[in-house]
Amino acid sequence: MKLKTILHYIIIGGLFLIPFVPLIVLNSLYFPFIVGKAFAFRILVEIIFAAWLVLMLLDRRYRPKLSWISGSIGVFLFVIMLANIFGLNPYFSFWSNFERMEGFVTLLHLGAFFVVLGSFFNEKLWQRFFHISLGVSIFISFYSLSQIFGWIDIRQGGARVDGTMGNAIYLALYLMFHFFIALFYFFKAQKYKFAYLLIIFLNLIIIYFTASRGVILGLGLGLLIAFLLIFILEKERKILRRNIGIALLSLVILIGGFLFVKDSNFVRKNQTLGRFSELTKVDAIKSQGRFMIWPMATTAFKDSPILGYGQENFNFVFNRYYNPKVFNQEPWFDRVHNTFLDWLVVGGILGLLSYITILFSLFFALWSSSASVIDKSVLTGLLTGYIFQSIFVFDNLTSYIFVYAIFGYIWHLETNILNSNQKEIKINEKPIRYFVLPIILIVLVYGIYFVNVRALRANAALIRAIHPESLVEDSLSSYQKVFDINSFGGRETLFQFLDKTIRVNRDGNVAPHIKEEYLKLAETQVKSITDKYSFDTRTFLVVGSFYSNMSNLARELKDESRAENYFEKSVQFLEKAKEISPKRQDVYFEIGSSYFSHNDLVSSLQNLKFAFDLEPENPEARIRYALVLMYAGNIEEANTVLSKGGNSLYFDLRVMNTLFYTNQNTKILSLWQERVEENPENPEFRKSLAAACIMNDNLSGAIKELEEIIKLRPEFKESADFMIAEIRAGRGQALITN
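Residues numbered from 1 in each chain as written. Predicted model: local features only at pLDDT ≥ 70, side-chain atom pairs only at ≥ 80, totals over all residues. Heavy atoms only, no water.

### Structural notes on a nonpolar patch on the surface
Line of reasoning, step 1. Among the surface-exposed residues, F78, M81, I85 and F86 lie close enough to one another that they form a single nonpolar patch of about 420 Å² accessible area.
Line of reasoning, step 2. Counting through the fold element by element, I85 comes out in helix α3 (residues 68-85). (Patch = residues over 30% accessible without salt bridge, like charges linked within 9 Å, V, L, I, M, F, W, Y side chains within 5 Å. Areas by Shrake-Rupley, 256 points an atom, 1.4 Å probe, with all protein chains shown as cover. Salt bridge = Lys/Arg side-chain N within 4 Å of Asp/Glu carboxyl O. Helix = DSSP H or I, 4+ residues; strand = E, 2+ residues; numbered from the N terminus.)

As structure tokens, then:
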């Protein structure tokens with residue numbers, strides 16, 4: 001078999017395997033929905049790209065042609081490369097981490113994927129590629145239907161289906177692409193139109209149950225644009241034009257009908273419709289995290305406007321320009337949740353402009369091509385829907401695959417690669433076969449191992465290390481292996497390892513020498529990881545918290561020397577976290593906690609007061625500040641702080657315990673009396689009130705509450721009678737302490 005034929009089969013086979021990547025879920029890996037897909041994609045692209053390089057040298061027809069699209073993508077990759085090199089953490093920018101599996105290494109693979117697709121595929125191969133992907137999307141849709149019916153668990157929790165993506169938004173975006181691909185071929189098909197309609201309908205159902213508002217709005221807008229363009233520009237197919245007009249009218253009626261009933265009980269109780277109803281309320285929109293995150297991104301841009309901060313460094317931006325009002329959102333944002341602002345932060349104004357240039361190039365190339373009006377309109381709708389939803393979310397590997405596939409297809413339309421007029425030019429194969437090919441094979445093998453296999457081994461070892469049934473010795477060995485491999489997952493591994501080290505040192509059944517080995521490895525890796533991620537607040541906060549916990553443990557074991565040493569390290573790392581992120585309340589919480597455990601109430605109060613003043617609306621800030629005020633003897637001030645946040649704060653278990661510890665029995669009694677008045681039929685509240693009565697020597701009141709419990713819940717009669725007997729026998733206080 002000729003070398004070119006072999007290369008053809010490798011490239012076609014590899015490219016046709018890419019649509020199956022979204023199916024991959026490997027529970028044996030850390031982040032099973034992300035890592036398996038990413039490594040599979042990278043390895044396939046590396047093999048395909050290597051084969052294409054050789055084929056391109058053998059046959060000039062497969063060499064890429066410069067165009068607006070290919071040129072703009074090349075410029076974009078170059079700008080982002082510069083941004084990463086001169087950014088905050090070039091290592092992190094290039095490799096990313098296990099949770100995201102992106103970074104510049106993924107952009108390079110996507111660029112290679114785009115070049116091979118656009119240079120190699122003709123229209124027939126493109127059609128097969130997209131139909132294979134449609135077939136895979138059917139499987140994923142049926143898998144998602146099984147989640148809707150409860151036959152398969154939704155992995156992210158809740159009721160929003162996530163399919164094989166592990167995330168409802170990722171699934172919705174994947175299906176949006178396939179909705180438009182099915183619509184694209186529906187208009188082109190002469191037969192089997194019904195099959196495409198079924199795929200479209202199935203995709204719509206699953207997208208609806210993802211309740212992903214940005215994607216659904218993007219799909220609706222994209223469909224509206226596509227139909228409008230067809231209705232305006234299509235002159236020949238009059239029946240189609242009439243049907244499109246009916247569809248447009250139906251869309252308008254559907255939107256108007258929703259706006260009319262948006263406040264109805266049916267809409268509010270429906271998971272998907274209820275989420276859309278919230279978008280009609282200004283206050284609900286303003287309370288969403290992304291609308292507080294976006295100003296952080298624009299502020300950060302002003303400090304690094306040309307080339308930004310590099311990929312994977314938004315966590316620094318988020319922490320440096322942190323707004324305490326996001327206390328009720330997820331604590332660690334690593335994306336802006338707006339693709340345009342993401343690239344602005346990553347690459348500065350040059351990064352954003354180069355990204356926007358790609359989008360303009362796509363529309364220009366598409367409408368300059370010889371494709372039909374309908375094809376152009378549907379692809380315009382797809383791009384419009386994708387761009388719109390990008391305002392509210394960010395890309396992931398699966399969406400990137402199909403974004404770059406669409407880029408490649410429009411590039412194909414723009415350049416008409418491999419058209420019938422091109423002729424093969426004979427080239428001397430010997431230098432390529434005996435010199436170039438071996439070099440490319442060696443580089444390929446090395447690249448697969450260095451880029452993928454090492455990190456895969458580390459990831460698998462990490463899963464073994466954190467497995468709950470692993471022996472402490474085996475777990476330590478697995479952690480050591482991960483650290484020895486020294487892959488880009490070191491930071492995530494350290495977080496897991498420090499938590500494990502605390503648990504091991506608290507376990508009285510673990511041999512002392514094993515505990516020491518854990519501590520020794522922890523010390524080594526803390527130094528290594530904090531040096532590598534010197535701008536990362538989370539790393540310093542986790543490490544500081546680790547030393548604070550170890551200090552407390554050493555103090556419990558009467559090892560004052562070690563306790564003091566750990567305390568000093570705790571403050572050192574936490575102060576560094578504060579330096580990087582001066583407005584994060586949780587950093588001050590941890591510093592205050594560390595000082596409190598060290599019996600330095602003055603320093604603890606100073607930090608907790610500062611945290612409280614940053615954002616008094618945060619109930620956690622009120623509680624922590626008030627607790628230390630109580631221990632410091634400032635009872636009145638503590639109650640003022642708590643009461644202004646609402647009486648519900650008093651029923652936090654920590655607050656109740658502190659009230660008891662500081663002998664505020666009268667306050668406890670009044671609180672439970674109010675709670676029982678509000679909820680007289682709650683037996684647990686009455687039980688707590690009975691305990692409060694005992695604390696205040698009101699034994700008759702305690703007996704009365706227990707008798708009320710018997711009336712409310714006769715099944716509790718035996719235990720309640722026992723408590724009443726104990727109280728009458730003078731042993732009521734023992735009931736409280738027990």
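### With respect to helix α20 (residues 472-485)
Line of reasoning, step 1. In this model, α20 (14 residues) spans 20 Å end to end at C-alpha, consistent with the 20 Å of a helix rising 1.5 Å per residue.
Line of reasoning, step 2. Here α20 has its buried residues at V472, S475, L476, S478, Y479, V482, F483 and I485.
Line of reasoning, step 3. Where α20 is buried, its residues meet α19 (430-466), α21 (490-506) and α22 (512-532). (Expected span 1.5 Å × (residues − 1). Buried < 20%, exposed > 50% of the residue type's maximum accessible area, 1.4 Å probe, protein only. Contact = heavy atoms within 4.5 Å.)

### Notes on the packing of helix α23 (residues 537-556) against helix α25 (residues 585-597)
Line of reasoning, step 1. Contact geometry of α23 with α25 gives a least axis separation of 10 Å together with a crossing angle of 15°. By the angle between their axes, α23 is roughly parallel relative to α25. Here α23 runs over α25; the crossing is left-handed. Contact with α23, carried on its side by T537, L541, S545, S548, N552 and R555, involves D586, V587, E590, S594 and S597 of α25 and no other residues of that element.
Line of reasoning, step 2. Tallied by class, the residues present in the contact of α23 with α25 amount to two nonpolar, six polar and three charged. (Axes fitted to C-alpha atoms, helices over the stretch in contact; angles between N-to-C directions. Parallel < 35°, antiparallel > 145°, perpendicular 65-115°, else oblique. Left-handed = near helix turned anticlockwise from the far one by under 90°. Nonpolar A, V, L, I, M, F, W, Y, C, P; charged D, E, K, R; others polar.)

### Overview of the nonpolar core
Line of reasoning, step 1. Ranked by internal contacts, the top residues of the largest apolar core, which has 192 residues, are F113, L183, F187 and Y404.
Line of reasoning, step 2. Element by element, the count of residues in this core is highest for helix α7 (residues 168-188), at 17 residues.
Line of reasoning, step 3. Residues L659, F685, M695 and L706 belong to the second largest nonpolar core, which totals 43 residues. (Core = buried A, V, L, I, M, F, W, Y, C linked by side-chain atoms within 4.5 Å.)

### Overview of the side chain of R584
Line of reasoning, step 1. Residue placement: R584 occurs in the loop between α24 (560-580) and α25.
Line of reasoning, step 2. Within the structure, R584 has its side chain in polar contact with the side chain of D586 (distance 2.7 Å). (Polar contact = N/O pair within 3.5 Å; in protein donor to acceptor, adjacent residues only side chain to side chain.)

### Remarks on the pattern of salt bridges
Line of reasoning, step 1. Counted by the stated rule, this structure contains 24 salt bridges.
Line of reasoning, step 2. Residue R503 pairs with D499 through a salt bridge whose shortest N-O separation is 3.1 Å. Residue R503 and its partner D499 are both found in helix α21; the two are separated by four residues, about one turn of the helix.
Line of reasoning, step 3. In this structure, E708 engages K711 in a salt bridge whose closest nitrogen and oxygen atoms are separated by 3.6 Å.

### Some remarks on the environment of T164
Line of reasoning, step 1. Summarising the element assignment, T164 is placed in the loop between α6 (123-148) and α7.
Line of reasoning, step 2. Discounting residues that sit within four places of it in the chain, T164 has contacts with P22, L23, I24, V25, F33, K37, I140 and Y143.

### Quick notes on the packing of aromatic side chains
Line of reasoning, step 1. Across all of its chains, the model carries 61 aromatic pairs by this definition.
Line of reasoning, step 2. Consider the rings of Y62 and F120, whose centres lie 5.3 Å apart with planes at 25°: the pair is stacked. Taken together, the residues span a long stretch of sequence, with Y62 in the loop between α2 (35-58) and α3 and F120 in helix α5 (residues 103-120) at a distance of 58 residues.
Line of reasoning, step 3. Given the relative accessible area of 6%, Y62 is considered buried.
Line of reasoning, step 4. Using a relative accessible area of 1% as the deciding quantity, one classes F120 as buried.
Line of reasoning, step 5. An aromatic cluster of three or more residues is present, and its members are F16, Y62, F120, F121, W126, F129, F130, F184, Y185 and Y409.
Line of reasoning, step 6. The side chain of K532 reaches across the aromatic face of Y91, ending 4.5 Å from its centre.
Line of reasoning, step 7. Directly above the ring of F651 sits R675, whose terminal nitrogen or CZ lies 3.7 Å from the centroid. (Phe/Tyr/Trp six-rings, centres within 6.5 Å; stacked < 30°, edge-to-face > 60°. Lys NZ or Arg CZ within 6 Å of the ring centre and 35° of its normal.)

### Re a negative patch on the surface
Line of reasoning, step 1. Taken together, the side chains of D559, E560, E564 and E568 define an acidic patch exposed on the protein surface.
Line of reasoning, step 2. Locating E568 in the fold gives a position in helix α24. (Lys, Arg positive; Asp, Glu negative; His and termini not counted. Charge placed at Lys NZ, Arg CZ, Asp CG, Glu CD.)

### Points about helix α9 (residues 213-233)
Line of reasoning, step 1. Compared with the 30 Å implied by 1.5 Å per residue over 21 residues, the 30 Å span of α9 between its first and last C-alpha is a close match.
Line of reasoning, step 2. Within the sequence span of α9, burial applies to R213, G214, V215, G218, L219, G222, L223, A226, F227 and I230.

### What about the environment of A211?
Line of reasoning, step 1. Looking at the element boundaries, A211 is found in the loop between α8 (193-210) and α9.
Line of reasoning, step 2. The spatial distance from the C-alpha of A211 to the C-alpha of A168 is 7.6 Å, given a sequence separation of 43 residues.

### Some points on the side chain of E705
Line of reasoning, step 1. Note that E705 resides in helix α32 (residues 699-712).
Line of reasoning, step 2. A residue is classified by how much of its surface remains accessible, and E705, at 9% relative accessible area, is buried.
Line of reasoning, step 3. With residues up to four places along the chain from it excluded, the contact list for E705 reads V676, R686, L689 and A690.

### Re empty space enclosed by the protein
Line of reasoning, step 1. Taken as a whole, this structure holds six cavities of 30 Å³ or more when the rule is applied.
Line of reasoning, step 2. Of the pockets and cavities examined, the largest cavity occupies roughly 200 Å³.
Line of reasoning, step 3. Forming the boundary of the largest cavity are 16 residues, of which E102, R335, D342, W343 and V346 lie nearest the centre.
Line of reasoning, step 4. Among the elements that line the lining of the largest cavity, the one with the most residues is helix α16 (residues 339-368), at five residues.
Line of reasoning, step 5. Taken together, the residues of the lining of the largest cavity break down into six nonpolar, four polar and six charged.
Line of reasoning, step 6. Looking at the second largest cavity, its volume works out to about 110 Å³.
Line of reasoning, step 7. Lining the second largest cavity are F33, I34, K37, A38, E99, R100, E102, M165, Y170, N396, L397 and T398.
Line of reasoning, step 8. If you list the elements that add at least two residues to the lining of the second largest cavity, you get α2 and α18 (397-415).
Line of reasoning, step 9. Class assignment for the residues of the lining of the second largest cavity results in six nonpolar, two polar and four charged. (1 Å grid on protein atoms, 1.4 Å probe; cavity = no way out; pocket = protein on both sides within 12 Å on 5 of 7 lines; lining within 4 Å. Points joined across faces, edges and corners; volume = space filled by probe spheres on them.)

### Focus: unusual backbone geometry
A negative phi angle is the norm for most residues apart from glycine, just as the trans form is the norm for most peptide bonds.
Line of reasoning, step 1. If you check the backbone angles, S96 has positive phi at about 65° while not being a glycine.
Line of reasoning, step 2. Topologically, S96 is positioned in the loop between α4 (90-95) and α5.
Line of reasoning, step 3. Judged by its relative accessible area of 0%, S96 falls in the buried class.
Line of reasoning, step 4. Of note, the phi angle at Y192 is positive, near 60°, even though the residue is not glycine.

### So, the environment of A632
Line of reasoning, step 1. Within the fold, A632 resides in the loop between α27 (619-631) and α28 (635-644).
Line of reasoning, step 2. Taking relative accessible area as the criterion, A632 reaches 33% and is therefore assigned partly exposed.
Line of reasoning, step 3. Counting along the chain gives 30 residues from A632 to T662, while the straight-line C-alpha distance between them is 9.9 Å.
Line of reasoning, step 4. If sequence neighbours within four positions are ignored, A632 has contacts with L601 and L605.

Geometric descriptors of this kind do not, in isolation, establish any biological role.
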